[in-house]
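So you can see what is in the structure, the chains are spelled out below.
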Amino acid sequence: MRTRLLTAAALLATGYLCGAFGYGLINVAQAFKTVPLDVRFTFHAALMKVNGPVMQSAMALAALTSLLLAVYSGGLVRRLAATSFGLEVTSFVITRFGNVPINGKIKQWAVGPVPADYAQLLHRWELFHIARTTTALLAFVLIVTIAVFAQSVPSRQAVLVAPN
């Protein structure tokens, strides 16, 4: 029963994380490309102020639920959940050391001069965003795999105690 509840929690958390990053990639990042730079920078800075705590919490919750699922499971479920945990930690590391420093620069650009190499930095931000979205998607796919397939395979213990 505990494994099923942890699977449900991990499914919800990883799905939310993947969906939030995916929405940002497919909708927000594309919309940024169609507006004037001053609007983009101002909105990006405002969005990151709101997104920061929300996405950090989402990454932490996804990682925690996957880790707990790995700890309280065994076999294939443990391996898949542990891999999901690793992918979520990777999303966090990419965000912290890739996107966040560039977000800080964009915040400055919204109120000050824009450097000549701004397009390269925006491209790097997009590449980091694609990478963290991909790792979040893979983590979600692994948890979906657990929910749909891995838990439906009977364990040896269940087979040993099953009546004839």
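Provided above is the structure to which this section pertains.
The notes below deal with the structure included here. (Residues numbered from 1 in each chain as written. Predicted model: local features only at pLDDT ≥ 70, side-chain atom pairs only at ≥ 80, totals over all residues. Heavy atoms only, no water.)

1. A look at the packing of aromatic side chains
Per the stated rule, a full pass over the model turns up three aromatic pairs. Geometrically, the ring pair formed by F41 and Y118 is edge-to-face, given 6.4 Å between the ring centres and 80° between the ring planes. Of this pair, F41 sits in helix α2 (residues 37-71) while Y118 is found in helix α4 (residues 118-148), placing the two residues 77 residues apart along the sequence. The exposure class of F41 is buried, given its relative accessible area of 1%. Residue Y118 is classed as partly exposed on the basis of its relative accessible area of 26%. Above the ring of F97, the side-chain terminus of R96 is found at 5.5 Å from the ring centroid. (Phe/Tyr/Trp six-rings, centres within 6.5 Å; stacked < 30°, edge-to-face > 60°. Helix = DSSP H or I, 4+ residues; strand = E, 2+ residues; numbered from the N terminus. Buried < 20%, exposed > 50% of the residue type's maximum accessible area, 1.4 Å probe, protein only. Lys NZ or Arg CZ within 6 Å of the ring centre and 35° of its normal.)

2. Brief notes about the packing of helix α1 (residues 2-32) against helix α3 (residues 75-109)
Contact pair α1 / α3: the axes reach a minimum separation of 12 Å and the direction vectors enclose 35°. By crossing handedness, the relation of α1 to α3 is classed as left-handed. Each of T14, L17 and F21 in α1 lies in contact with α3, whose residues at this interface are S84, E88, S91 and T95. For the contact of α1 with α3, a count of residues per class yields two nonpolar, four polar and one charged. (Axes fitted to C-alpha atoms, helices over the stretch in contact; angles between N-to-C directions. Left-handed = near helix turned anticlockwise from the far one by under 90°. Contact = heavy atoms within 4.5 Å. Nonpolar A, V, L, I, M, F, W, Y, C, P; charged D, E, K, R; others polar.)

3. Quick notes on the side chain of E88
Mapped onto the fold, E88 is located in helix α3. Lacking a salt bridge, the buried E88 has R132 as its closest oppositely charged neighbour, with an N-O distance of 14 Å. Here E88 is in contact with T14, L17, A62, A63, S66 and A139, once residues within four sequence places are set aside. (Lys, Arg positive; Asp, Glu negative; His and termini not counted. Salt bridge = Lys/Arg side-chain N within 4 Å of Asp/Glu carboxyl O.)

4. Observations regarding the pattern of salt bridges
Opposite charge on two side chains allows them to pair when their charged atoms are near. Within this structure, the stated rule accounts for two salt bridges. One salt bridge in this structure joins E126 and K33, with 3.4 Å as the shortest N-O distance. Note that E126 is positioned in helix α4 and K33 in the loop between α1 and α2, a separation of 93 residues in sequence. Residue classification places K33 among the partly exposed residues on the basis of a relative accessible area of 46%. Through salt bridges that share partners, K33, R40 and E126 make up one connected network.

5. Details of the nonpolar core
Ranked by internal contacts, the top residues of the largest apolar core, which has 13 residues, are L69, V77, L80, A81, I143 and I146. Counting only elements with at least two residues in this core, the list comes to α1, α2, α3 and α4. In this view, L80 contacts L142, T145, I146 and A150; residues no more than four positions away in its chain are not counted. Within the second largest apolar cluster, nine residues are counted, among which are L17, F21, M55 and A136. (Core = buried A, V, L, I, M, F, W, Y, C linked by side-chain atoms within 4.5 Å.)

6. Details of a nonpolar patch on the surface
Where nonpolar side chains cluster on the molecular surface, the patch consists of L61, L64, L67, L68, V71 and Y72 and spans about 500 Å² of accessible area. Residue placement: Y72 occurs in the loop between α2 and α3. (Patch = residues over 30% accessible without salt bridge, like charges linked within 9 Å, V, L, I, M, F, W, Y side chains within 5 Å. Areas by Shrake-Rupley, 256 points an atom, 1.4 Å probe, with all protein chains shown as cover.)

7. Considerations on the environment of I94
Positionally, I94 belongs in helix α3. A sequence separation of 30 residues divides I94 from R124, and the C-alpha atoms of the two residues are 11 Å apart. With near-sequence residues (within four places) excluded, I94 lies in contact with N99, F128, A131, R132 and T135.

8. Describing the packing of α1 against α4
Following both chains from N to C, one finds α1 and α4 inclined at 150°, their axes separated by 8 Å at the closest point. Classified by the interaxial angle, the pair formed by α1 and α4 is roughly antiparallel. Where α1 crosses over α4, the handedness of that crossing is left-handed. Across the interface between the two elements, T7, A10, L11, T14, G15, L17, C18, F21, G22, G24 and L25 from α1 touch H129, I130, R132, T133, A136, L137, F140, I143, V144, I146 and A147 from α4. Tallied by class, residues from the contact of α1 with α4 come to 14 nonpolar, seven polar and one charged. (Parallel < 35°, antiparallel > 145°, perpendicular 65-115°, else oblique.)

Function-wise, these values are silent; they only describe arrangement.
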